[in-house]
Amino acid sequence: MLGQLDGKRILIVATHGFEQSELEVPRDKLKAAGAKVDIASPQAGEIKGGDKAEWGRPVRVDKTLSDAKVADYDAVVLPGGVMNPDHLRVNNDALELIRGFFDAGKTVAAVCHAPWLLVEAGIAKGCKMTSYKTIKTDVINAGAKWEDSPVVTDNGVVTSRNPGDLDAFVAKIIEEVKEGKHQRKAA
């Protein structure tokens, strides 16, 4: 994995309440593969994750959502947790940024509850996806073709179910980013 993403830049979008492992594992593995990884959030400073029933470790925010530009990155990664995507799915800056990555043909990756963001950004319709089981109906109702697999990829949109799928999730992100731009049909 070392050096596979040299020169690539990846943005992780999160806010308070992200699932600790779903931010830290992709961040650390993507960095180990050579990517420059930034964390963007609605607020500057630090955001706190959740680790099981407790608040987790804080993570430093590199830039606010309003300062993050699609042109500066090769992919966006969206960690889950319940609170994190629930707050972000009503944040227009987050939704516009995510949609911008999709429209630019760049890799868009979402794990656990984060496919809620793909639903809100209008990306789910017609897309093969997976998610955490409790939002399966939301994803299907948005027009996605849901399947119960560790990782599902549809033309650069990468989704996974839960923290147990993170190794497969990150491996697929690396593969998709190396592949480059994806030709997508307008939604």
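In case you missed it, the structure is sitting above this.
Sequence order as written defines residue numbering, which begins from 1 separately in each chain. Note on the predicted model: pLDDT of at least 70 is required for a residue's local features to be given, and 80 or more for side-chain atom pairs to be given and counted; whole-chain, interface and lining totals, by contrast, use all residues. As a rule here, side-chain values cover all heavy atoms of the structure and leave hydrogens and water aside.

Description of the sheet that holds strand S5 (residues 54-60)
1) Next: Only strands that DSSP links by at least two bridges are regarded as paired with each other. Numbering of helices and strands runs from the N terminus, with a helix taken as a DSSP run of H or I at least four residues long and a strand as a DSSP run of E at least two residues long. Ordered in space as S2-S4-S5, the three strands form an open sheet in which the pairing is mixed. Edge positions in the sheet fall to strand S2 (18-19) and S5, since each of these pairs with one other strand and no more.
2) Next: Where S2 meets strand S4 (residues 46-51), two bridges bridge the pair, whose relative direction is parallel. Counterpart to Glu 19 in the pairing with S4 is Gly 50.

Structural notes on the pattern of salt bridges
1) Next: What makes a salt bridge here is a side-chain nitrogen of Lys or Arg within 4 Å of a carboxyl oxygen of Asp or Glu, nothing more. Applying the stated criterion across every chain yields a total of eleven salt bridges.
2) Next: The partner of Glu 175 in a salt bridge is Lys 172, and the shortest N-O contact between them spans 3.1 Å. Of this pair, Glu 175 and Lys 172 both sit in helix H6 (residues 166-179), three residues apart, which is roughly one turn of that helix.
3) Next: A single network of salt bridges, built from pairs that share partners, joins Arg 9, Lys 36 and Asp 38.

With respect to unusual backbone geometry
1) Next: The phi angle at Cys 112 is positive, at roughly 65°, despite the residue not being glycine.
2) Next: You can see Cys 112 is positioned in the loop between strand S8 (107-111) and helix H4 (115-120).
3) Next: Despite not being glycine, Asn 155 has its phi angle at roughly 55°, a positive value.
4) Next: Along the chain, Asn 155 turns up in the loop between strand S11 (151-154) and strand S12 (157-160).
5) Next: The exposure class assigned to Asn 155 is partly exposed, which follows from its relative accessible area of 34%. Note on classification: 1.4 Å probe, protein chains only; a residue is buried when its accessible area is under 20% of the maximum for its type, exposed when over 50%, partly exposed between these limits.

Side note on the packing of aromatic side chains
1) Next: Aromatic rings from Phe, Tyr and Trp, with only the six-membered ring used for Trp, were paired whenever their centres fell within 6.5 Å, and each pair was classed as stacked if the ring planes differed by under 30 degrees, edge-to-face if by over 60, and tilted otherwise. Under the definition given, this model contains zero aromatic pairs.
2) Next: Between Arg 89 and the ring centre of Trp 116, over which it is positioned, the NZ or CZ distance is 4.0 Å. Any Lys NZ or Arg CZ that is within 6 Å of a ring centre and within 35 degrees of that ring's normal is treated as a charge sitting over the ring.

Points about the sheet that holds S11
1) Next: Pairing in this open sheet of seven strands is mixed, and the strands run S6-S3-S1-S7-S8-S12-S11 from one edge to the other. Because the sheet does not close on itself, it has two edges, and the strands there are strand S6 (63-64) and S11.
2) Next: Pairing of S11 with S12, which is carried by four bridges, proceeds in the antiparallel orientation. In the sheet register, Asp 154 faces S12, and the bridge partner there is Val 157.
3) Next: Here a residue-residue contact requires only that any non-hydrogen atoms of the pair lie within 4.5 Å. Lines fitted to C-alpha atoms define the axes here, with helix axes fitted over just the stretch in contact, and angles between the N-to-C directions of these axes take values from 0 to 180 degrees. Strand contacts of helix H1 (residues 20-32): strand S1 (9-13), strand S3 (36-41), strand S7 (75-78) and S8, with the helix running at about 150° to S3, the strand carrying the most contacts.

Quick look at the environment of Ala 94
1) Next: In this fold, Ala 94 is placed in helix H3 (residues 92-103).
2) Next: Here Ala 94 falls in the buried class, since its relative accessible area comes to 1%.
3) Next: Between the alpha carbons of Ala 94 and Pro 42 there is a distance of 7.8 Å; along the sequence they are 52 residues apart.
4) Next: Beyond its immediate chain neighbours, meaning those up to four positions away, Ala 94 contacts Leu 65 and Leu 88.

Describing the packing of H1 against H6
1) Next: The interhelical angle for the contact between H1 and H6, taken along N-to-C directions, is 45°, at an axis separation of 10 Å. What the angle tells us is that H1 and H6 run oblique. As for how H1 packs across H6, the hand of that crossing is right-handed. Here H1 contributes Ser 21, Glu 22, Val 25, Pro 26, Lys 29 and Leu 30 to the contact with H6, which in turn contributes Leu 166, Asp 167, Phe 169, Val 170, Ile 173 and Ile 174.
2) Next: Note on residue classes: Ala, Val, Leu, Ile, Met, Phe, Trp, Tyr, Cys and Pro are nonpolar, Asp, Glu, Lys and Arg are charged, and everything else, Gly too, is polar. The residue makeup of the contact of H1 with H6, split by class, is eight nonpolar, one polar and three charged. The cut-offs work like this: below 35 degrees is roughly parallel, past 145 is roughly antiparallel, 65 to 115 is roughly perpendicular, and the gaps in between are oblique. Handedness of a crossing follows from how the near helix is turned relative to the far one, being left-handed for an anticlockwise turn of less than a right angle and right-handed for a clockwise one.

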